[in-house]
Every structure is written in structure tokens, then in C-alpha cells.
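A closer look at the structure
Chain residues, written in single-letter form:
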Amino acid sequence: MSSIPDLDILFVVPKAYGDEDQSRIDLLGAGDVSVDMRSVRDHQYLKDLSYIEINSNLVPYTSPEEYEELVNKAEHRGKRLVETTMGGKLNFTGKYGKNLYEEIANYAVVAGEITLKRDFDIIHSHDWLTYPAGIAAKRASGKPLVIHVHATDFDRSGGKVNPTVFEIEKMGMHLADKIIAVSNLTRRTVIEKYGIHPDKVITVYNAVDPLPDHEKLKLKRGINDKVVTFLGRITIQKGPEYFVQAAYKVLQKMDNVRFVMAGSGELLEKMIHWTSRLGISDRFHYTGFLKGDDVTRMFSISDVYVMPSVSEPFGISPLEAMQSNVPSIISRQSGVAEILKYTLKVDFWDVDALADAIYGLLNYPSLSEMFKKHGVQEVNDMKWENSGKKVHSIYQEFVQ
Amino acid sequence: MRTICLYFQVHQPFRFRRYRFFDIGNDHYYYDDYSNESILHKVAQKCYLPANALMLELIQKHAGQFKIAFSISGIAMEQFKLYAPEVLDSFRKLAETGQVEFLSETYAHSLSSLKGREEFERQVTAHRALIRENFGQEPKVFRNTELVYSDEIGAMVADMGYKAMLTEGAKHVLGWKSPNYLYCNAINPKLKLLLKNFKLSDDIAFRFSNKGWPEYPLTADKFVDWLNQTPEEEEVINLFMDYETFGEHQWKETGIFDFLRALPDSVFRNSPFTFSTPSEVADNLQVISAANVPNPISWADEERDLTAWLGNEMQHEAFEKLYSLGEKVYSTDDDAIKQDFSFLQVSDHFYYMSTKFFSDGEVHSYFNPYDTPYDAFINYMNVLSDFEIRVNAAVQAEVHDDVARLSKIIKEKDEQLEKLEKRLATKVPAKKKSTAAKKSTAAKKSTAAKKSTAAKKSTAAKKSTAAKKKS
């Protein structure tokens, strides 16, 4: 987006650390905005905030470690709407923590405050955590609101939505002037599950950053066996059990292969128990949570990457695998399946098809060769610049 | 003389069932009987039966004037026998009129012409036998799978005794030249070439029902008008197409049958054109020039080349692996293996693996039972893996048989030797007797080892001893 001239971006984040690149973007940490308590009381943009002041520990996107910490602590029962620090500033952790709902509310307060002090034409908020802030800003300024749906609670929960989150999402979508979905899959969810008019919802696909110097991050392979990798949170949404079942089937037919489940999550222990019960533990390995360069290293020793997600609004990880020359198998229930050609697609529940795809990639070399040859190019052709331009053209509708 | 040559291709593949890798080595049945049977029934009802009835009607109506040619793949014939014998009967009726020519092709609708003469000739011979047996004709004209042709393939076909061959009038081969003449092979001019007029053929086969086409709707009179507009000196219009054009690719509702019914009338009424079979065209017209086709062409897609079957890495791997088994397949006596080898060669399997659909989508996806070319490839390779195991097992079994047979012979020879030696011993002095005895025990030891090489050596040794004794 920053490459588009005539577009100034004021980026409001919960917490700015001060080292972000701000050459083209005006970055504002929400905690750096002074809030005048009188204006808070007077403004009607807060009238919906009661919605979000709910005591619950169910917070999306917490890492399992944080989640455990969270449930071990006493429930937070603070009822104060806005808690300011000395100097009228609000405290933001910048993390998804126990007082998440309070932070969302505070965030909305700040957003309302910013609208009074800054000049702008469009409000763009990302996912339910920022919808209240977007709504507040819209109410205060009368400017159009664009919301960007990266995931819905249907994706995160495997269908069992959290009613609070659902309400916030629904409110955001209904009050928005335009909705951007990261795939047609997500677009359909927005239309069908939240009752939004199709004309209001537009698909803009994500992209992936070019891989920096991945040669350096290559690991030396210590084994001759082929490596099949699952990488992601080990939760219902990501479908780890289908990976285990497929691994079991493949191991019945060939022995020069190993399976790696990289990541952590609430289903990790269950998976470990299960693989040992199946008697494949010697061929099935767990790495725990990987991040940054470790992800790239893991890809460098992988022959096949598998993403059997039950529901994946977009799914950037297969793109990263393809950048590292790893052929991927993805579930048809992912947004990225709509745009990728050089990849194998299976229904997440079809374990036979998944196993067959893994076996095929490992045993019939021309298939891997083909994916390696064309996959990198395919991914490199997806550029954030293009996504940015599409978002910009959506803005244009409102500005002219 | 100006004439029209109509040739229709009839082919249906034996489609594979979903064959997972865990079936490899466990289940040797590869075919999707349900879809093969139901598709054949559907096409028979929509196309083969009504179209054959119409052809018969037209032939009878225009006694001796209306002529057509068919090429029916061996695979399609097998399916008719299995699922719809009435279709075969209706083709036999057409054959009996004497106005229908049946062409030669490969039994398995295969691309074996690209893999040298041996397998190609085997399949052509098998197909000839089927045609002879069912239609009582000895084919003189050849049409290769998907009209695949090159100078070399043509020369090979000429060697096999054919007088003419059909292929595509590909633009990149003809350049400014017109397909509406008789050409000949560049290596062996004895082989005449009939080139498809793809513009007029595809007007019927592909564009007939396209409402976005400026010429829509196409009537027989309009079509004959176009024939009349071709330069007068041009002698033959070759209209080659899939028979499924009638009723299957172009549904009955589009009026395709009415078009066909009206065509001969309109031709006879409004034009100087006649109808000829490919054999008649080859016999009656003068060759205008040789056609130079150094690289294989076909009638598929915009490019008219082989890329629909052998365009990507997967297709090449599958194709090479399949034909690498050829020698082993024919060293066995297992008929089931030979038949599966044929069915694995059907060009459609390779077509399903084409990644050209990314640009040339519609036609490819229409004929394709798989969601993606990768599915098609994995499924095919799974089947091929199982087939390879079977072939290897059969070859090994036969090697075992060979060893057993050879050892038996050796044993018999040994016994004979012993008898002879005994007879000798009675006549010859004691000194010689002892050396002969030693040699025979050595021979016995070597037979005990079952390796055929050892066996050969020992037989050689015996021969030499026997020879010595004779002398």
C-alpha cells in the first residue's frame, strides 16, 4: 500500500515499539494518545461498547502457553470502562491477553479520540478485535468504514462460534461500508453466515514477501529418509489428526519416510498419544513451536508440505513452502486453494486422497520436479503490491 | 472432379477406477466398470445408434452416392462387445452397404508410433484382425491415433503396406499451401496423404452450436455455399471429426442431426461435389506434392502438436516408464498382462495429465474424469506400479520355469550319458573308463546347482566329453 502515491496511511496499533519503519506510514501506538475523559463521556460513539465488556477467557489467537497462563489466573472482573494512566493515556500491552476485551474497548475509545484530532477519508479495520474501534471512528467522523476479514470465528472454532465474538463480527460487518475478504471461501462465509449482501463483499487475496537469502538457512540433512512436514498450530482448525492418519497409511507402504509435526497447540498431547498408540512414533516427530528462521530451516529439509486445514480463510504457509522449493498438499477448504495451480488439493476429510497425494509426491519424481520448477514462479508472481492496488481501488469508490 | 471425404473417429477409453497406492500389490483390477459402462451406454443412446441409423438412411437414399469412413479403436470395439453389442451390429449393417470404409489404426488408440515399430506394428495387426473379423474388410488406409503423423511415421506405415494415411492439415506444416489436394509422404512417395480441412471440419465439430459465432446458425445450404467458395481447382475437402460430434458434443437439440440429414441433398443439388471414401480419394486423385513433416503433428489444440499428451514432465515419466516394460511384457505368456499393457497405452490417460488446461481449458476438462492433471498422474502411476510388480513376477516365474526345464534336460542327458558310458565301458579298456567316470561325476555336481549359467557350462562340458568319445 505504501507504494501508492496520494495515499497517506495512519496506522493505529495497540502498541508501537518505536522501531517500525515509518517512512511512508504514519504509525500511531494507541497507548500514546491522550484521552480526555470528558469527551469520552460526551461522545455517543461509545454507546455500543457495552457489547464488548464481557468477562471471558476465550480469546482467539492466544498461543497455547498464554492460554494456559490465562486460565490459571483468576478471571478478570474489572468493570471500569476506561482506565487511563497518568497524563490521560491508556495502557496497551499489544498482546492478546487476559484483559483483551478491555483493551478492545479502550482501543475503540482511542480510535474515537483520534478521529477528532486527525484528518482522513477512510477507516480500515482488520478483524473483529478492531471492529469496535472502526465503528467508533466511523460514528465520530462520519467517514466510510472498510473492514478486512482475515478470519471469522467459524474458521477459528471449527464451527462452534463464541457468541460474543460472533456478535462483534456481525456488528462490524453490518456497519461497514465495504468488506474485504481474503478469499472467496471467506467471502462466502461472510455472506452466508453473517447475512451480508454479496455486493458489499470483495475478495482481495493475500500475497507473500520474497524470501530473503534462504540459502544461508539451509540445514544439512542428517538422514536419507524423505521428510513430510505439517507446520502450524495444532488445533482443530488446522486438521492435525488427518495428517496423522495419512502418515499411518503411507508408513504401511513405505519405510524410507519420516513425518514431522511442527507447532504447538491444544491438540499436541492428543496427537503424541495417538501416534504412539498407532506404533509410528519412531517415524513421527514433533518439533514444538517454530518461528522465524526455524520455519525456513524446517522447509529446507522437507520433501512435502501438508496443510490439511479444516477451515483456512487464506493460508500463507504453503506459499512459504513453495518459496523454499517444497511441493505442497493443501486442503480444498482453504482460500489459497482458489489461486494455486502447482499444488495438490484434497478435501481435508479424505485421508485416502491425502495419503495417496503424499505417496505420489514421494515416489513419482516428475510430480515434485514440476511443482518445484513452476511453484516458485507462481508464488513470486503474487505480490503484495497487487493486493494493495486492489484495496486502493476499493478506497477510490468512496473518495470520488 | 471435386469431392468430399467424410471420416469419423470412434473411440472410448477404458477409464481407470480410483486406484490408491495401498492397492498396489494387493488389487490388480484397474478399471472403473461403472463409469465405462454408463458412459458407453449414454454415448450409444445419444450418438452411435441414432447417428448410425441416420447414416444408413442416407446411404440407402442416395444409393451409391453417399459414402463415409470410420476408424473405430480396438478399445471401443471391446467395449461395444462388452456393453452394447447392438452398436457393433449397427456398424456391421453399415459395412454391408459397401459404401463405408473402415480404416486401420492402433488397437489401443495408443501413441506407440512414437516408440518405434515393434509395438506399433503389433497393435496395428491386432486392430486389422478385429476389422476383418467384424466388418469383412482388409483396410488399405491408415489413420493414426489423434492423427499423429510425421515423415518417419508415414514411411513406417508405407512399409506396412498401406497406400494412404490421414492427418491434420496443420497450418505450420502447410504454410500457404491448401489442404484440399492429395499429398504424399516425404520419404516414401507411395504413401498418399489426405489432410484434414480443419476450418470446415471444426465449423461442424466445434462451432456448430456456438451462439457467439457470427455464422450461427449453420445450415447445410450455407455450408455447401462455403464449399463452393473454395477455389475451383482444389479437388478434395477432407472433413475429419469425432463421431461423437453427432449427438454427444453437439446435442440433438442443436439440430446437428438435421444438418447431417440435409447435407447430401444440398451438396447434390447446389454443388458439383461428390462423396468419396479415403481409398477412392487416394486412387482417383493425382498427388500434387510431398508434405514435409519432420516433427510429429496431431489434430489437437491450437498447436496441432503432441503437447496435449507429452507436454509436461509427468506425461513423459509415465510414458517412458510404461514403454520400458514392453520387452518384459512380451517375454511372458500371460494374456491378462498383455491386455492390461494395451489398456495402459490408451492415449486418453496421458491426455488427462495435461497441464495445458490452464490455458486451453474447455475441451480438456470436458473429457476428463479427474479433477486435476496431478490426480490423473498419481492414479496412473499407482496402476503402473502394480502392473510393473505383476510383470516382474511373471518374468521371474518364467525364468524359474526355464531353469526347471533346463535342469530336466540336463538330467535326461546325464542319464543318457551314463547309459552310453556303461556301454562304452564294456568295450573299452579299464584305463579310459576311469577318466570318463570322473567327468560324469563332475557334471552331476554342477547340475545340483540350479543356476542356469552353471547348467549351461555343464552341458557344454558334457558336449565336449561326448564329442571326445565319438572321436
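Residues numbered from 1 in each chain as written. Chains lettered and ligands numbered in written order. Predicted model: local features only at pLDDT ≥ 70, side-chain atom pairs only at ≥ 80, totals over all residues. Heavy atoms only, no water.

This part is about the pattern of salt bridges. Taken as a whole and assessed by the stated rule, the structure comprises 44 salt bridges over all chains. The partner of Arg20 of chain B in a salt bridge is Asp350 of chain A, with the nearest N and O atoms 3.9 Å apart. Here Arg20 of chain B, found in the loop between strand 1 (3–10) and helix 1 (33–61), pairs with Asp350 of chain A, found in the loop between strand 12 (344–346) and helix 12 (351–363), and the two come from separate chains. Owing to a relative accessible area of 11%, Arg20 of chain B belongs among the buried residues under this scheme. Arg304 of chain B is the salt-bridge partner of Glu168 of chain B, the closest N and O atoms lying 3.5 Å from each other. One end of the pair, Glu168 of chain B, is in strand 5 (residues 164–168); the other, Arg304 of chain B, is in the loop between strand 10 (287–291) and helix 11 (307–310), with 136 residues separating them in the sequence. Judged by its relative accessible area of 1%, Glu168 of chain B is buried. Ionic contacts of the salt-bridge type, sharing partners, join the residues Glu168, Lys196, Asp202 and Arg304 of chain B into one network. (Salt bridge = Lys/Arg side-chain N within 4 Å of Asp/Glu carboxyl O. Helix = DSSP H or I, 4+ residues; strand = E, 2+ residues; numbered from the N terminus. Buried < 20%, exposed > 50% of the residue type's maximum accessible area, 1.4 Å probe, protein only.)

For the rest of this paragraph, the subject is the confidence of the model for chain A. Looking at chain A as a whole, its pLDDT mean stands at 81, while 77% of the residues score no less than 70. When the criterion is pLDDT under 50, residues 37–86 of chain A qualifies, and its contacts beyond four places in sequence or with other chains add up to 85 contacts. (pLDDT = per-residue confidence, 0-100. Contact = heavy atoms within 4.5 Å.)

Moving on: the sheet that holds strand 6 (residues 201–203) of chain A. Residues and elements named next belong to chain A. Strand order in the open sheet formed by four strands is 3-4-5-6, with parallel pairing between adjacent strands. Lying at the two open borders of the sheet, with one neighbouring strand each, are strand 3 (123–126) and strand 6. Across the sheet, the mean angle separating the axes of adjacent strands is 25 degrees when strand polarity is ignored. Where strand 4 (residues 145–149) and strand 5 (residues 178–181) come together, four bridges link them in parallel fashion. In the sheet register, His148 faces strand 5, and the bridge partner there is Ile180. The strands touched by helix 14 (residues 384–399) within the sheet are strand 3, strand 4, strand 5 and strand 6, with strand 5 carrying the most contacts at an inclination of about 175 degrees. (Pairing = 2+ DSSP bridges. Axes fitted to C-alpha atoms, helices over the stretch in contact; angles between N-to-C directions.)

The next point concerns the interface of chain A and chain B. When the parts of a complex come together, some accessible area is lost, and that lost area is often used as the size of the interface. Taken together, the contact between chain A and chain B spans 24 residues of the former and 20 residues of the latter. Taken together, both faces of the contact between chain A and chain B bury some 1,900 Å²; the carbon and sulfur share is 62%. If you look at where chain A meets chain B, you find four salt bridges. One salt bridge connects Arg20 of chain B with Asp356 of chain A, and the closest N-O pair in it is separated by 3.3 Å. There are eleven residue pairs in polar contact (both at pLDDT 80 or more) connecting chain A and chain B. Going through the elements one at a time, helix 8 (240–253), helix 12 and helix 13 (365–380) of chain A are the ones with two or more residues in the side of chain A that touches chain B. Residues that form the side of chain A that touches chain B fall into these classes: twelve nonpolar, four polar and eight charged. (Buried area = accessible area lost by both parts, 1.4 Å probe. Polar contact = N/O pair within 3.5 Å; in protein donor to acceptor, adjacent residues only side chain to side chain. Nonpolar A, V, L, I, M, F, W, Y, C, P; charged D, E, K, R; others polar.)

Let us now look at the packing of helix 1 of chain B against helix 3 (residues 85–96) of chain B. Residue and element names in this part refer to chain B. The interhelical angle for the contact between helix 1 and helix 3, taken along N-to-C directions, is 20 degrees, at an axis separation of 10 Å. If you check the angle between helix 1 and helix 3, you find them roughly parallel. The two elements helix 1 and helix 3 cross, and the hand of that crossing is left-handed. Across the interface between the two elements, Ala44, Tyr48, Leu49, Asn52, Met55, Leu56 and Ile59 of helix 1 pack against Glu86, Val87, Ser90, Phe91, Lys93 and Leu94 of helix 3. Taken together, the residues of the contact of helix 1 with helix 3 sort by class into nine nonpolar, two polar and two charged. (Parallel < 35°, antiparallel > 145°, perpendicular 65-115°, else oblique. Left-handed = near helix turned anticlockwise from the far one by under 90°.)

Bringing the nonpolar core into the picture now. Residue and element names in this part refer to chain B. Among the nonpolar cores identified, the biggest contains 165 residues, and Phe70, Phe91 and Tyr243 are the most heavily contacted of them. Tallying contributions element by element places helix 17 (residues 373–427) first for this core, with twelve residues. Leaving out residues up to four positions away in the same chain, Phe70 has contacts with Tyr7, Phe8, Val10, Asn52, Phe91, Leu94, Val100, Glu101, Phe102, Leu103 and Tyr243. (Core = buried A, V, L, I, M, F, W, Y, C linked by side-chain atoms within 4.5 Å.)

Okay, the environment of Leu211 of chain A next. Residues and elements named next belong to chain A. Positionally, Leu211 belongs in the loop between strand 6 and strand 7 (226–231). You can call Leu211 partly exposed: its relative accessible area is 28%. For Leu211 and Thr296, which are 85 residues apart along the polypeptide, the C-alpha to C-alpha distance reads 9.1 Å. If near-sequence neighbours (up to four positions away) are discounted, Leu211 is found in contact with Gln323 and Ser324.

Moving on: the pairing of strand 7 (residues 192–196) of chain B. Residues and elements named next belong to chain B. With four of its five residues buried, strand 7 lies for the most part within the structure. Both strand 5 and strand 7 contribute to a ladder of five bridges, which runs parallel. The partner of Glu168 across the bridge, within strand 7, is Lys196. Pairing of strand 6 (residues 182–185) with strand 7, which is carried by three bridges, proceeds in the antiparallel orientation.

This brings us to helix 3 of chain B. Residue and element names in this part refer to chain B. For helix 3, built from twelve residues, the straight-helix expectation of 16 Å at 1.5 Å per residue is met to within 8% by its first-to-last C-alpha distance of 17 Å. Along helix 3, the positions that sit buried rather than exposed are Val87, Leu88, Ser90, Phe91, Leu94 and Ala95. An end-on view of helix 3 places all buried positions within 160 degrees of arc, on one side of the element. Looking at the buried residues of helix 3, the elements they touch are strand 1, helix 1, strand 2 (68–72), helix 2 (74–83), strand 3 (100–102) and helix 4 (117–135). Within two residues after helix 3, Gly98 carries a phi angle of roughly 80 degrees, on the positive side. (Expected span 1.5 Å × (residues − 1). Arc of directions from axis to C-beta.)

By secondary structure assignment, the location of Tyr19 of chain B is in the loop between strand 1 and helix 1. Excluding anything up to four places from it in sequence, Tyr19 of chain B contacts Asp356 of chain A together with Ile24, Gly25, Asp27, Tyr29, Tyr30, Asn379, Asn382, Val383 and Asp386 of chain B.

Another aspect to go through is the sheet that holds strand 7 of chain A. All names here are of chain A. Reading across from one edge, 9-8-7-10-11-12 is the order of the six strands in this open sheet, with parallel pairing throughout. With one partner strand each, in any of the chains shown, strand 9 (284–288) and strand 12 form the two edges of the open sheet. Strand after strand, the sheet turns through a mean of 20 degrees between neighbouring axes, direction not considered. Pairing of strand 10 (residues 304–307) with strand 11 (residues 328–331) involves three bridges; the strand directions are parallel. Bridge assignment links Met307 to a residue of strand 11, and that residue is Ile330. Each of strand 8 (257–262) and strand 9 is contacted by helix 9 (residues 268–278), which is oriented at about 160 degrees to strand 9, the strand it contacts most.

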